[in-house]
Amino acid sequence: MITLHLEAILVRSRPAIAAAILSLSMSPVDAADMIGNCEVTGTRGSIPFTPVEAGELTVEVSLPAPGWWNGDAPELIKDGYEYCMAANIAHRGGLDKVKVVNVAWDALVAGQTKDFDLSLSGISITDERKKVVDFSIPYFNSDIGVLVKKGVSVDSDSIKKMRIGVQQASTGADFVANTLKPAESKVYPDGPSMWAALAAGQVDAAMTDTANVLAVASQSNGTLVAAGQYSTGETYGAIYPKNSPNAATIDKIIDALIKDGTLQQLSAKYLAAAWGADPAKVPYLKP
């Protein structure tokens with residue numbers, strides 16, 4: 001960066017040269033290289049597609065989703081793993097803006113929403129969901145985690161005697177009902193309701209994706225802990241509107257983001273900080 005003293009000398013002696021240098025020094029980062037707080041990679045417009053709204057990528061999410069989408073309201077979100085993933089998709093598609101739309105979880109996975117380009121909300125790919133929505137290629141691996149209050153002991157046998165909270169229409173709910181089969185389970189409409197029920201002692205444990213369990217535990221000031229997880233082989237995928245003409249193109253962009261290491265960098269930057277723990281170190285339980 002040029003100092004003010006040097007700028008003054010240049011202005012007095014060589015106005016044209018000074019103006020050119022000052023112009024360069026005032027724009028160290030091209031605006032096209034940032035969307036929100038995300039540094040985008042690759043070449044803008046290298047894999048173009050036509051979005052539902054001109055000039056911007058419309059992305060659905062069910063909030064809150066710390067680490068994935070940092071902020072409790074769409075207008076406040078400027079970064080996070082999935083937000084920055086969306087920013088990179090927009091950039092390579094030739095777009096300069098990401099529009100975030102908050103929707104109900106059950107409506108999202110049931111294919112009941114419209115007028116969007118894709119949904120990114122930690123959505124596990126399942127055969128049942130494929131009947132009503134179209135998925136992208138997988139972009140993240142996830143298992144089912146167990147969240148409990150600090151001091152509660154959990155093992156493969158004791159958990160089956162507990163009251164388990166699950167989120168409606170989630171793969172965690174399916175796993176608990178069909179595989180784990182505990183003494184009692186309660187279904188909640190969304191994540192915050194389930195976490196509140198655990199904090200209030202209405203359930204003994206809450207179960208959903210390990211990623212989300214770790215994120216909630218890290219924000220609980222040590223009152224909640226990730227006590228274990230189950231290996232389910234799940235993967236996350238983006239949801240497209242049924243028969244979207246952009247599905248193959250956005251899949252190509254996601255594949256490029258995986259291969260060039262962009263998504264790995266986003267994971268290291270946003271998820272490790274939000275989780276506060278390595279998911280591989282959470283002990284595995286037997287169903």
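Just so we're clear, the structure is a prediction, and the values are computed from it rather than from any experiment.

What counts and what doesn't
- Residues numbered from 1 in each chain as written.
- Predicted model: local features only at pLDDT ≥ 70, side-chain atom pairs only at ≥ 80, totals over all residues.
- Heavy atoms only, no water.
- Phe/Tyr/Trp six-rings, centres within 6.5 Å; stacked < 30°, edge-to-face > 60°.
- Helix = DSSP H or I, 4+ residues; strand = E, 2+ residues; numbered from the N terminus.
- Buried < 20%, exposed > 50% of the residue type's maximum accessible area, 1.4 Å probe, protein only.
- pLDDT = per-residue confidence, 0-100.
- Contact = heavy atoms within 4.5 Å.
- Axes fitted to C-alpha atoms, helices over the stretch in contact; angles between N-to-C directions.
- Left-handed = near helix turned anticlockwise from the far one by under 90°.
- Nonpolar A, V, L, I, M, F, W, Y, C, P; charged D, E, K, R; others polar.
- Pairing = 2+ DSSP bridges.

Q: Looking at this model, I keep getting lost on the packing of aromatic side chains. Mind explaining?
A: The relation between two aromatic rings is expressed through the spacing of the ring centres and the mutual angle of the planes. Counted according to the given criterion, the structure contains 9 aromatic pairs. An angle of 20 degrees between the planes, with centres 6.5 Å apart, marks the rings of tyrosine 81 and tyrosine 139 as stacked. Highlighted residues: tyrosine 81 in helix α3 (residues 81-92) and tyrosine 139 in the loop between β6 (134-135) and β7 (140-149), separated in sequence by 58 residues. In this structure tyrosine 81 comes out as buried when scored by relative accessible area, which is 2%. Among the aromatic side chains, those forming a connected cluster through ring pairs are Trp68, Tyr81, Tyr139, Phe140 and Tyr236.

Q: Whenever I open this one, the confidence of the model for the chain confuses me. Can you help?
A: A low pLDDT means the predicted coordinates there should not be read in detail. In the predicted model, the chain carries a mean pLDDT of 88, and 89% of its residues have values of at least 70. The low-confidence segment residues 1-32 (pLDDT under 50) makes 12 contacts with residues lying over four places distant or belonging to another chain.

Q: For this particular structure, what's the right way to read the packing of α3 against helix α9 (residues 247-259)?
A: Relative placement of two packed helices is described by the angle separating their axes and the distance separating the axes. With their axes 10 Å apart at the nearest point, α3 and α9 run at an angle of 120 degrees to one another. Regarding α3 and α9, the two cross each other, and that crossing is right-handed. On α9, the residues touching Met85, Asn88, Ile89 and Arg92 of α3 are Ile250, Ile253, Ile254, Ala256 and Leu257. Within the contact of α3 with α9, the residues separate by chemical class into 7 nonpolar, 1 polar and 1 charged.

Q: Would you take a moment to explain unusual backbone geometry for this structure?
A: Excluding glycine, most residues fall at negative phi; most peptide bonds, likewise, are trans. Leucine 63 connects to proline 64 through a cis peptide bond whose omega is 0 degrees. Relative to the elements of secondary structure, proline 64 occurs in the loop between β3 (56-61) and α3. The residue alanine 169 is not glycine, and still its phi comes out positive at about 65 degrees. Topologically, alanine 169 is positioned in the loop between β8 (163-167) and α6 (171-180).

Q: What's the story with the sheet that holds strand β11 (residues 224-236) in this structure? I'm lost.
A: Where strands meet in a sheet, backbone hydrogen bonds hold them as pairs that are either parallel or antiparallel. Strand order in this open sheet of 5 strands is β9-β8-β10-β7-β11, and the pairing throughout is mixed. Only two strands of the sheet have a single partner each, and these edge strands are β9 (184-188) and β11. Direction aside, neighbouring strands of the sheet carry axes that sit 25 degrees apart on average. In this sheet, strand β10 (residues 205-209) lies alongside β7 in antiparallel orientation, the contact comprising 4 bridges.

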